[in-house]
Amino acid sequence: MSYMLKFCYLCLVVFFISCANETKKKEESNHENAVESVTEVENRQKTILFFGNSLTAGMGLEIEEAFPALIQKKLDSMSVDFKVINAGLSGETTASGKNRLSWVLKQKVDIFVLELGANDGLRGIELNETRNNLQTIIDKVREHNPEVKILLTGMQIPPNMGQDYTHDFKMIFPDLAKKNEIRLVPFLLEDVAGIPEMNQADGIHPTAEGQAILADNVWEVLQTMI
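Residues numbered from 1 in each chain as written. Predicted model: local features only at pLDDT ≥ 70, side-chain atom pairs only at ≥ 80, totals over all residues. Heavy atoms only, no water.

### A short note on the side chain of Thr-94
What counts here: Every helix listed is a DSSP run of H or I at least four residues long, and every strand listed is a run of E at least two residues long, numbered separately from the N terminus. Per-residue accessibility, obtained with a 1.4 Å probe over protein chains only, is compared with the maximum for each type, and a residue is labelled buried under 20%, exposed over 50%, and partly exposed between these values. Polar contacts here mean pairs of N or O atoms no more than 3.5 Å apart (in protein, one a potential hydrogen donor and the other a potential acceptor; neighbouring residues in sequence count only if both atoms are side-chain atoms). In what follows, residue pairs with any heavy atoms lying within 4.5 Å of each other are defined as contacts.
Note that Thr-94 resides in helix H4 (residues 94–104). According to the relative accessible area criterion, Thr-94 is buried, its value standing at 0%. Within the structure, the side chain of Thr-94 is placed 3.1 Å from the side chain of Asn-133, a separation counted as a polar contact. With sequence-adjacent residues up to four places away left out, Thr-94 is seen in contact with Leu-116, Gly-117, Asp-120, Glu-129, Thr-130, Asn-133, Leu-134 and Ile-137.

### A look at the environment of Ala-177
Relative to the elements of secondary structure, Ala-177 occurs in helix H7 (residues 163–180). For Ala-177, a relative accessible area of 6% corresponds to the buried category. For Ala-177 and Leu-151, which are 26 residues apart along the polypeptide, the C-alpha to C-alpha distance reads 8.4 Å. When neighbours within four sequence positions are excluded, Ala-177 is seen to be in contact with Leu-152, Ile-182 and Leu-184.

### Focus: the packing of helix H6 (residues 127–144) against H7
The criterion, for reference: For helices, the axis comes from a line fit to the C-alpha atoms of the stretch in contact; other axes are also lines fit to C-alpha atoms, and the angle between any two N-to-C directions lies between 0 and 180 degrees. For this classification, under 35 degrees means roughly parallel, over 145 means roughly antiparallel, 65 to 115 means roughly perpendicular, and everything else is oblique. Crossing handedness is read from the near helix: turned anticlockwise from the far helix by less than a right angle, it gives a left-handed crossing, and turned clockwise, a right-handed one. As a working rule, the residues Ala, Val, Leu, Ile, Met, Phe, Trp, Tyr, Cys and Pro are called nonpolar, Asp, Glu, Lys and Arg charged, and the rest polar, with Gly in that last group.
At a closest axis distance of 10 Å, the pairing of H6 and H7 adopts a crossing angle of 20 degrees. Put simply, H6 runs roughly parallel to H7. Crossing of H6 against H7: the hand is right-handed. For the pair formed by H6 and H7, the contact residues are Leu-127, Thr-130, Arg-131, Leu-134, Gln-135, Ile-138, Asp-139 and Arg-142 on the first element and Tyr-165, Asp-168, Phe-169, Ile-172, Phe-173, Asp-175, Leu-176, Lys-179 and Asn-180 on the second. When its residues are assigned to classes, the contact of H6 with H7 shows eight nonpolar, three polar and six charged.

### A look at the packing of helix H3 (residues 67–77) against helix H8 (residues 208–222)
At a minimum axis separation of 8 Å, H3 and H8 run at an interaxial angle of 55 degrees. By the angle between their axes, H3 is oblique relative to H8. Here the hand of the crossing between H3 and H8 comes out right-handed. On H8, the residues touching Phe-67, Leu-70, Ile-71, Lys-74 and Leu-75 of H3 are Gln-211, Ala-212, Leu-214, Ala-215, Asp-216, Val-218, Trp-219 and Leu-222. Broken down by class, the residue content of the contact of H3 with H8 amounts to 10 nonpolar, one polar and two charged.

### Overview of the packing of aromatic side chains
Using the following cut-off: Centres within 6.5 Å make a pair out of two Phe, Tyr or Trp rings, where for Trp the six-membered ring is used; the pair is then stacked when the planes are under 30 degrees apart, edge-to-face when over 60, and tilted otherwise.
Applying the stated criterion across every chain, the model contains four aromatic pairs. Ring geometry for Phe-50 and Phe-67: centres 5.6 Å apart, planes at 85 degrees, overall edge-to-face. Here Phe-50 is found in strand E1 (residues 46–52), whereas its partner Phe-67 is found in helix H3, with 17 residues between them in sequence. One aromatic cluster is present, formed by Tyr-165, Phe-169 and Phe-173 through successive ring pairs.

Just distances and angles here, no functional claims.
Okay, structure coming up:
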């Protein structure tokens, strides 16, 4: 074989070896990137958003005493990587909540806790309006993220508006939970409503001790969703 042929043959060998090494590097790089992407998704901190009124906001108390913050402490004690966001707003009705929803859904939400309706009941708002507003909120949350888990907190009111209104108001929450196949806390204020020592001077908003009971009421259902 002439010198020139030997030289060309050697160049071809070097070329193919170089191409093979480059392909291997790309495949390894792609694999590493894929692994990193999966790891990033797996390690992403999940979010629980509490969307409600003054009960969620912890009116009259420090934010650390409100039940969403107490649930964050429960999660931290279990080393569960969830971040709790308190999106409670005092005075919120289902109508105003519906209008505020788009703003709070600008972030990724894994579990959405819906705590609205109490102010509707206390104001005697027409029941179908309350029901429809809550349904719209549920629909919009699912439209934003079809994989989201939703927890609805049930509410009851004193019989000031009459027995029929009181009963029908109470039934809004289990009816919506069943219709939408979402989880339900039967009554958020269980063991708190009507108990003077568990409520502040207004008789409506829980004390710090009362908020701890609200946290337990919610946690009983929420823990099964995590």
